[in-house]
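Each chain, written out:
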Amino acid sequence: MQSFRTELENPIVERDIIELERKIALFREGKIDEEKFRSLRLARGVYGQRQQGVQMVRIKLPYGRATSAQLRRICKVSEEYSIGRLHITTRQDIQIHFVSLDRTPQLWAELEKDDVTLREACGNTVRNVTASETAGIDTKEPFDVTPYADATFRYFLRNPVCQEMGRKFKMAFSSSDEDTGLAYMHDLGFIPKVKEVDGNQIRGFKVLLGGGLGSQPRHADLITEFLETDQLIPFIESVLRIFDRHGERARRNKARMKFLIKEIGLEAFLDLVEKEKVALPFKSFPLDFENYEEGKTLPNPPAVEVNPADLGLDYELWKLTNVLPQKQAGYVSIGVRVPLGDFYLDQARPLADLVEKYAAGEVRFTLRQNILIRDVREDLVPFFYQELKKINLAQRGYNSLGDITACPGTDTCNLGIASSTGIAKELEKVIEQEYPQYLKNQDLVIKISGCMNACGQHNMAHIGFQGMSMKAGKTVIPALQVLLGGGNLGDGNGRFADKVTKVPSRRGPQALRVLLDDFEKNAGGKDFLSYYDQQGQMYFYDLLKDLSDASTVTASDSVDWGHQEAYEVAVGVGECAGVVIDLVATLLLEALEKLDHGQEALEHGRWSDSIYHHYAGLINAAKALLLSEDVSTNSYANIISLFDEKFVETGKIQLEGTFAEKVYQINQHEPTEEFAKAYAKEAMEIYSLLKTYREEEVEA
């Protein structure tokens, strides 16, 4: 257990891992409340699995990039700690399953040897920063967004502003106006733009705010057509500070950014963002893209002679959908179709070797759960096909209708209602065997989620399926909500699908046949969205009405795809329960930990970090006392106002002024050394008052 303490070079990472190890031990001893422990481990990529006693571990890979060395490291960890299967998510992460909680610190330490992290891959944090997998090679991009996505990831990783927000926060960068990064459905989305000022080309971003999927999808609002790149980090930080302070914390299903904007209004939100700028550590944050771009080189591996004629018709069909142009002359990218995002060690390791020797030494995991190999010299395409075929990664139809996106659903997820992977496999069979022409169609998209949370992004697909249940008499059977008419329209515009009808899961393949047959027969050359708009929602409801009739179900309809036993609605079992403990004491202890972090930041001259840690410590301490009096709270701002009402105005806590005046100094002063030291001193004094009050109450 001690090895990672000496082998890790980064003391911050080492402390993170040691802390996880310590908190696991305290949880096992019943000294940490289960809810608080859940928050801590989620922020470190450790997620409860449907199967009792094991965890899913999410590996955070910003913008989906993994070098050959990192991919080998992930394979090593999967082999030692998991089951050897790697799952690509719709946020360009890698997940491994069936991991023992007690072994997660060692697993994390192994990953960090090649600069791979678990930190903030789950939980109420800034999640993985995603980007178009074609960033840097896109023939239509105004500039490469990769260094900006990378800087965003690094700046907010472990940033005190975003460690314990009310809910998760997602950001995406698209490479061009085609918006393949799906900016319109993110909390913050960025699309690169260039404008000319005084004869100079100035880089910037179109900015969208407040998008999201889930049970109530929301299209992001346009904030500006052009935010200069040096304002990117300050703007994001200001947004995160306001979300952290005012975002809902009690009602989880109302805690995303989109609900905060709906509650207070976009104009009021942006006014708060503007006022917060005085407290930011950076008013401008220029990013050094020149060195990044100058440091990029194209590979020039030895030639390998493979005669395309020897590869047959399959190779020619594969080339139609799986070979993509690049803006770099003489090079292409190769799309690797990974059914349902699952691949294995005997594929991943040879792939790592292949791209290291003959391409750019990296892969990009894509938003559609595939792999993109970049910077392949054109003459090597036949060789790559040959090598990929050896490891069963040469399926044609990359990003086609037959390339279906699906979350893990009831396979491993606690929240899964019906099998998403099972039905996805059946639909892919239907397309490959009965509609092979659609393996060339990249204008139609099918996405599937196992529940309403939309990890499979079903409600932004042309054809979407959502796992659910339905009653057939007294029997509950697995079902699919059929959604139609969603899609990405480009340049930050999109549309969400309509819920058309619900069918038993076993009838999902027939529902797809009905939709495709009707489209082929009647669309008259129109694209799917135009045809859907022409016919209208009720037309498709009538088309599928017979399949939705629950009175005609048979015994086989009660068995979900991929299962043998009859269906039961079940939520997976979480982690073992902790014993009842003093939550007030726990919150006060956590408040002190945050204040200690603030003192450490102060000693190292990180003034802004110190101020925010002390601010968070004060909030936690105030929340603890409110909890001791059974006062419920729903946001940091709410905690501040209620603490004044219940403790300061009643004279229980004696402050010179109000608690709000003390706390809100954070957004009224620049983060100077003088202010950081004064704020820290006052925070420690207030904490001592609150702690003493609590101790006297307990003693009484």
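Residues numbered from 1 in each chain as written. Predicted model: local features only at pLDDT ≥ 70, side-chain atom pairs only at ≥ 80, totals over all residues. Heavy atoms only, no water.

1. Side note on the overall build of the protein chain
We count it as follows: Per the convention used, a helix needs a DSSP run of H or I reaching at least four residues, while a strand needs a run of E reaching at least two, with both numbered from the N terminus. With C-alpha atoms as the basis for the radius of gyration, the globule rule is written as 2.2 Å multiplied by the number of residues raised to the power 0.38. Think of it in three bands: residues with accessible area under 20% of the maximum for their type are buried, residues over 50% are exposed, and the middle band is partly exposed, with areas taken using a 1.4 Å probe on protein chains only. Should any heavy atoms of two residues lie within 4.5 Å, those residues are considered in contact.
Of regular secondary structure, the protein chain possesses 22 helices and 22 strands. Whereas a compact globule of 700 residues would reach a radius of gyration of roughly 27 Å, the protein chain reaches 26 Å, a difference of no more than 12%. Summarising its shape, the C-alpha atoms of the protein chain cover approximately 80 × 65 × 55 Å along the three principal directions. For the protein chain, buried positions account for 59% of its 700 residues. In the protein chain, 70% of the contacts between residues at least 6 apart in sequence involve partners at least 24 apart.

2. Details of the nonpolar core
Proteins that are soluble and globular tend to have nonpolar side chains buried together. Note the cut-off: Grouping buried Ala, Val, Leu, Ile, Met, Phe, Trp, Tyr and Cys residues that are joined through side-chain atoms within 4.5 Å yields what is termed a nonpolar core.
Formed by 83 residues in total, the largest nonpolar core has its most connected members in F169, F173, L188, F643 and F659. For this core, the element with the highest residue contribution is helix α19 (residues 607–628), accounting for 10 residues. When sequence neighbours within four positions are dropped, the list of residues in contact with F169 reads T125, V126, R127, D187, L188, V239, L240, F243 and M257. Formed by 61 residues, the second largest nonpolar core is a distinct cluster that contains I88, W318, I371 and F384.

3. Notes on the pairing of strand β8 (residues 188–197)
Formally: For two strands to be treated as a pair, DSSP must find at least two bridges joining them.
Bridging between strand β7 (residues 171–173) and β8 involves three bridges; their strand directions are parallel. By the bridge assignment, A172 is partnered in β8 with G189. Sheet topology places β8 next to strand β9 (residues 200–209); 10 bridges connect them, and they run antiparallel. Bridge pairing links P192 to F205 in β9.

4. Thoughts on the packing of aromatic side chains
This is how it is decided: Here the aromatic set is Phe, Tyr and Trp, taking the six-membered ring for Trp, and pairing holds for ring centres within 6.5 Å; pairs whose planes are under 30 degrees apart are stacked, those over 60 apart are edge-to-face, and all others are tilted.
All chains considered together, the criterion is met by 32 aromatic pairs. When the centroid spacing of 5.7 Å and the interplanar angle of 50 degrees are considered together, the rings of F169 and F243 count as tilted. Residue F169 is located in the loop between α6 (146–156) and β7, and its partner F243 is located in helix α7 (residues 232–246); the two are separated by 74 residues in the primary sequence. F169 gets classed as buried once you look at its relative accessible area, which sits at 0%.

5. A few points about the pairing of strand β15 (residues 371–377)
Burial of β15 is extensive: seven of the seven residues sit out of reach of the surface. For strand β14 (residues 362–365) and β15, the ladder comprises three bridges, and the chain directions are antiparallel. Considered in β15, the bridge of V363 is made with I373.

6. A word on the sheet that holds strand β17 (residues 446–449)
Rules: Note on method: axes are straight lines fitted to C-alpha atoms, helices fitted across the in-contact stretch only, with angles between N-to-C directions ranging 0 to 180 degrees.
Ordered in space as β16-β17-β18-β19-β22, the five strands form an open sheet in which the pairing is mixed. At either end of the open sheet lies a strand with only one pairing partner, and these are β16 (405–406) and β22 (498–504). Inspection of the sheet shows strand β18 (residues 463–472) paired to strand β19 (residues 475–484) by 10 bridges, in the antiparallel sense. Each residue of the ladder has a partner; that of G467, found in β19, is L480. Against the sheet, helix α15 (residues 508–522) engages β17, β18, β19 and β22, with an angle of about 25 degrees to β19.

7. Structural notes on the environment of T633
Structurally, the position occupied by T633 is in the loop between α19 and α20 (636–648). Separated by 477 residues in sequence, T633 and F156 place their C-alpha atoms 26 Å apart. Setting aside anything within four residues of it in sequence, one finds T633 in contact with A250, K623, L626, N638, I639 and L642.

8. Quick notes on the pattern of salt bridges
Inclusion rule: Salt bridge, as used here: a side-chain nitrogen of Lys or Arg that lies within 4 Å of a carboxyl oxygen of Asp or Glu.
Going through the model one piece at a time under the given rule, you end up with 58 salt bridges. Two residues, R349 and E79, come together in a salt bridge whose shortest N-O distance is 3.1 Å. With a gap of 270 residues between them, R349 in helix α12 (residues 345–358) and E79 in helix α4 (residues 68–81) connect regions that are remote in the sequence. Look at R349 and you get partly exposed, because its relative accessible area is 27%.

9. With respect to α20
Our working definition: Expected span, for any helix, means 1.5 Å times one less than how many residues it has.
Along its 13 residues, α20 runs 17 Å from first to last C-alpha, staying within 8% of the 18 Å computed at 1.5 Å per residue. Turning to α20, its buried residues number three or more, namely Y636, A637, I639, I640, L642, F643, D644, F647 and V648. As for α20, its buried residues are in contact with α7, α19, α21 (659–663) and α22 (673–699).

10. Overview of the sheet that holds strand β1 (residues 46–48)
The strand order β1-β2-β5-β4-β13 describes an open sheet built from five strands, whose pairing is antiparallel. Two strands close off the open sheet at either side, each with one partner strand: β1 and β13 (342–344). On average, adjacent strands in this sheet sit at an angle of 35 degrees to one another, irrespective of strand direction. The pairing of strand β2 (residues 55–59) with strand β5 (residues 94–99) spans four bridges and is classified as antiparallel. Looking across to β5, one finds that Q55 is bridged to V99. Of the strands in this sheet, β4 (85–88) and β13 touch α12, which is tilted by about 75 degrees from β13.

11. As for the side chain of R256
The condition that has to hold: In the analysis that follows, any N or O atom pair within 3.5 Å is treated as a polar contact, provided that within protein one partner can donate a hydrogen and the other can accept it, and provided that, for residues neighboring in sequence, both atoms belong to side chains.
Structurally, R256 is set in the loop between α7 and α8 (257–264). A polar side-chain atom of R256 sits 2.8 Å from a polar atom in the side chain of D187. Among residues more than four places away in sequence, those in contact with R256 are R167, K168, K170, D187 and F243.

12. A closer look at the confidence of the model for the protein chain
Test applied: Known as pLDDT, the predictor's per-residue confidence is scaled from 0 to 100.
In this model, the protein chain carries a mean pLDDT of 92, and residues with pLDDT of at least 70 account for 97%. Between residues 1–6, whose pLDDT stays under 50, and residues either more than four places distant or in other chains, the model counts 11 contacts. For the stretch residues 571–581, pLDDT sits under 50, and the model shows 27 contacts to residues farther than four places along the chain or on other chains.

13. Some words on the environment of I463
Looking at the secondary structure, you find I463 in strand β18. Distance from I463 to K447, taken between C-alpha atoms, is 6.8 Å for residues 16 residues apart in sequence.

14. Quick notes on helix α9 (residues 266–276)
Stated formally: This arc describes the spread of directions from the helix axis toward the C-beta atoms.
Listing the buried residues of α9 in full gives F269, V273 and E276. Along the long axis of α9, the arc covered by the buried residues comes to 65 degrees, so they all point the same way. Structural note: α9 exposes E267 and K275 on the side pointing more than 90 degrees away from its buried face. Tucked inside the fold, the buried residues of α9 contact β9, α7 and α8.

15. Comments concerning the packing of α7 against α19
Worth spelling out the cut-off: Throughout, the term roughly parallel applies to angles under 35 degrees, roughly antiparallel to angles over 145, roughly perpendicular to angles from 65 to 115, and oblique to all others. Gly is placed with the polar residues, together with every amino acid not listed as nonpolar (Ala, Val, Leu, Ile, Met, Phe, Trp, Tyr, Cys and Pro) or charged (Asp, Glu, Lys and Arg).
Between α7 and α19, whose axes approach to 13 Å, the crossing angle comes to 10 degrees. Relative to α19, the element α7 lies roughly parallel. Residue-level contacts link E237, R241, D244 and R245 of α7 to S608, Y612 and Y615 of α19. In terms of residue class, the contact of α7 with α19 is built from two nonpolar, one polar and four charged.

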